[in-house]
Amino acid sequence: MNPVFNMDAATLSPVALFLQADLVVKFVMAGLLLASIWTWALIIAFWRRLGRIRKGMAGFERDFWKAEDIDAFYKAEADKDLPSARVFVAGVKEWRRSTAGGSIDKGGTRERLATAMGAAAALEIDTISDRLNILATIGSVAPFVGLFGTVWGIMRSFTGIAQAQNSSLAVVAPGIAEALFATAIGLFAAIPAVIAYNRFSHGVNRIEAALNRFADGFHTTLSRQLDSGR
């Protein structure tokens, strides 16, 4: 018989360890398994999303720096669902508002451009990293939830020993194994969550740096136009 589905807890079968555990420990295990599934769903979704954003931003910025007419580029690329595109749109809109009048305050225009694009970049980063806190929470809480299940299970095992008045290892071991299995599931949920959180945080930081570089470069371009009077 496959050891995974063996109903004897002594074989360390996960199914047997779950089915023969105390009700509270079962609840803890089930919650941690759901947290693990949720973690992997978030990891896959976030990995694909970051890859799409990085690739899209690289193409957008490459096309932008090749463009000779900002207004024409705006008409063609403003609707793209990319963080750099929205930062670009924020800069163009502020540029048009600030230069619409007859008299232009150059210093004020530069400050407003920097503020508008900086706010747009910050909003994009907040949106991208919105669900990272879930991974951080699972990574930090899951081991302690598993430990709670373990402590509860061991307490129940010792209570059973007192009632049976038998301290034989054969009597104690299955209950303790079931309890420790809760900690193992907690670690199984927490370790990928912590690794993914650290990795994705690094990826978000790289996107933030790229957005800020793009905003600074675009700000410099608009400042030159401001100085040249075009």
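Residues numbered from 1 in each chain as written. Predicted model: local features only at pLDDT ≥ 70, side-chain atom pairs only at ≥ 80, totals over all residues. Heavy atoms only, no water.

Visitor: What's the story with the overall build of the protein chain in this structure? I'm lost.
Guide: In terms of regular secondary structure, the protein chain is built from seven helices and zero strands. Reading the protein chain from its N end, one meets helices and strands in the order α-α-α-α-α-α-α. For the protein chain, restricting intrachain contacts to residue pairs at least 6 apart in sequence, the fraction spanning at least 24 positions comes to 76%. Within the structure as shown, the protein chain displays about 13,300 Å² of accessible surface, and the carbon and sulfur contribution to it stands at 62%. (Helix = DSSP H or I, 4+ residues; strand = E, 2+ residues; numbered from the N terminus. Contact = heavy atoms within 4.5 Å. Areas by Shrake-Rupley, 256 points an atom, 1.4 Å probe, with all protein chains shown as cover.)

Visitor: Looking at this structure, how should I read the packing of aromatic side chains?
Guide: Per the counting criterion, the structure on display carries 15 aromatic pairs. With a centroid separation of 6.0 Å and an interplanar angle of 65°, the aromatic rings of F60 and F88 are classed as edge-to-face. In this pair, F60 sits in helix α2 (residues 23–66) while F88 sits in helix α4 (residues 83–98), placing the two residues 28 residues apart along the sequence. Each ring, one from F73 and one from F88, has its centre 5.4 Å from the other, and the planes form 80°; the classification is edge-to-face. Remark: F88 occurs in helix α4 and F73 occurs in helix α3 (residues 70–77); sequence separation between them is 15 residues. (Phe/Tyr/Trp six-rings, centres within 6.5 Å; stacked < 30°, edge-to-face > 60°.)

Visitor: Quick question: what am I supposed to make of the nonpolar core here?
Guide: Proteins that are soluble and globular tend to have nonpolar side chains buried together. Counting residues in hydrophobic clusters, the biggest one holds 54 residues, and the most contacted among them are V87, F88, L135, F200 and F218. Of all the secondary-structure elements, those providing two or more residues to this core are α2, α3, α4, α5 (106–128), α6 (132–164) and α7 (169–228). Of all the elements, α7 adds the most residues to this core, at 17 residues. (Core = buried A, V, L, I, M, F, W, Y, C linked by side-chain atoms within 4.5 Å. Buried < 20%, exposed > 50% of the residue type's maximum accessible area, 1.4 Å probe, protein only.)

Visitor: Quick question: what am I supposed to make of the UniProt feature "transmembrane region" (unreviewed entry) in the protein chain here?
Guide: Per the UniProt record, "transmembrane region" (unreviewed entry) is found at residues 27–47, 132–155 and 175–197. The distance separating the terminal C-alpha atoms of residues 27–47 is 30 Å; by composition the span is 100% helix and 0% strand. Secondary structure over residues 132–155 splits into 100% helix and 0% strand, and the C-alpha atoms at its two ends are 35 Å apart. (UniProt positions renumbered as here; feature names shortened; annotations may be inferred.)

Visitor: How should I be thinking about the pattern of salt bridges in this particular structure?
Guide: Pairing between side chains of opposite charge can happen when the charged atoms of each approach one another. Within this structure, the stated rule accounts for six salt bridges. Among the ionic pairs, R86 bridges to E124, the shortest N-O distance being 2.7 Å. Within this pair, whereas R86 is found in helix α4, its partner E124 is found in helix α5, the two being separated by 38 residues in sequence. Residue E124 is classed as buried on the basis of its relative accessible area, which comes to 7%. Connected through salt bridges with shared partners, the residues D81, R86 and E124 form a single ionic network. (Salt bridge = Lys/Arg side-chain N within 4 Å of Asp/Glu carboxyl O.)

Visitor: Help me understand a nonpolar patch on the surface, please; the structure alone is not making it clear to me.
Guide: Residues F144, L147, V151 and M155 make up a contiguous nonpolar surface patch of about 410 Å² in total accessible area. On the secondary structure map, V151 appears in helix α6. (Patch = residues over 30% accessible without salt bridge, like charges linked within 9 Å, V, L, I, M, F, W, Y side chains within 5 Å.)

Visitor: So what exactly am I meant to see when it comes to the environment of A35 here?
Guide: Looking at the element boundaries, A35 is found in helix α2. The class for A35 is buried, based on a relative accessible area of 17%.

Visitor: Sorry if this is basic, but what is going on with α3 here?
Guide: Since the α-helix turns once every 3.6 residues, residues separated by three or four places project in the same direction. Turning to α3, its buried residues are I70, F73, Y74 and E77. All buried residues of α3 lie within an arc of 105° about the axis, which places them on one face of the element. Summarising the geometry of α3, the exposed residues directed more than 90 degrees from the buried face are K75 and A76. (Arc of directions from axis to C-beta.)

Visitor: Help me out: how do you make sense of the side chain of S36 in this one?
Guide: Locating S36 in the fold gives a position in helix α2. Relative accessible area serves as the criterion here: at 5%, S36 is assigned to the buried category. The contact partners of S36, leaving out residues within four places of it in the chain, are F188 and A189.

Visitor: In this structure, what is going on with the packing of α2 against α4? I would like to understand it.
Guide: Packed helix pairs are specified by the crossing angle of their axes together with the interaxial distance, meaning the distance between the axes. Where α2 contacts α4, the axes come no closer than 8 Å and their chain directions differ by 45°. By the criterion of interaxial angle, the relationship of α2 to α4 is oblique. Of α4, the residues touching α2 (which contributes I53, M57, F60, E61 and F64) are P83, S84, A85 and F88. Here the residues of the contact of α2 with α4 are counted per class, giving seven nonpolar, one polar and one charged. (Axes fitted to C-alpha atoms, helices over the stretch in contact; angles between N-to-C directions. Parallel < 35°, antiparallel > 145°, perpendicular 65-115°, else oblique. Nonpolar A, V, L, I, M, F, W, Y, C, P; charged D, E, K, R; others polar.)

Visitor: Which parts of the structure should I look at to understand α5?
Guide: Here α5 spans 33 Å end to end across 23 residues, near enough to the 33 Å set by a 1.5 Å rise per residue. Buried within α5 are the following residues: G108, T109, L113, A116, M117, A120, A121, E124, I125 and I128. Two or three places before G107, at the opening of α5, D105 has a side-chain oxygen 3.4 Å from that residue's backbone nitrogen. (Expected span 1.5 Å × (residues − 1). Polar contact = N/O pair within 3.5 Å; in protein donor to acceptor, adjacent residues only side chain to side chain.)

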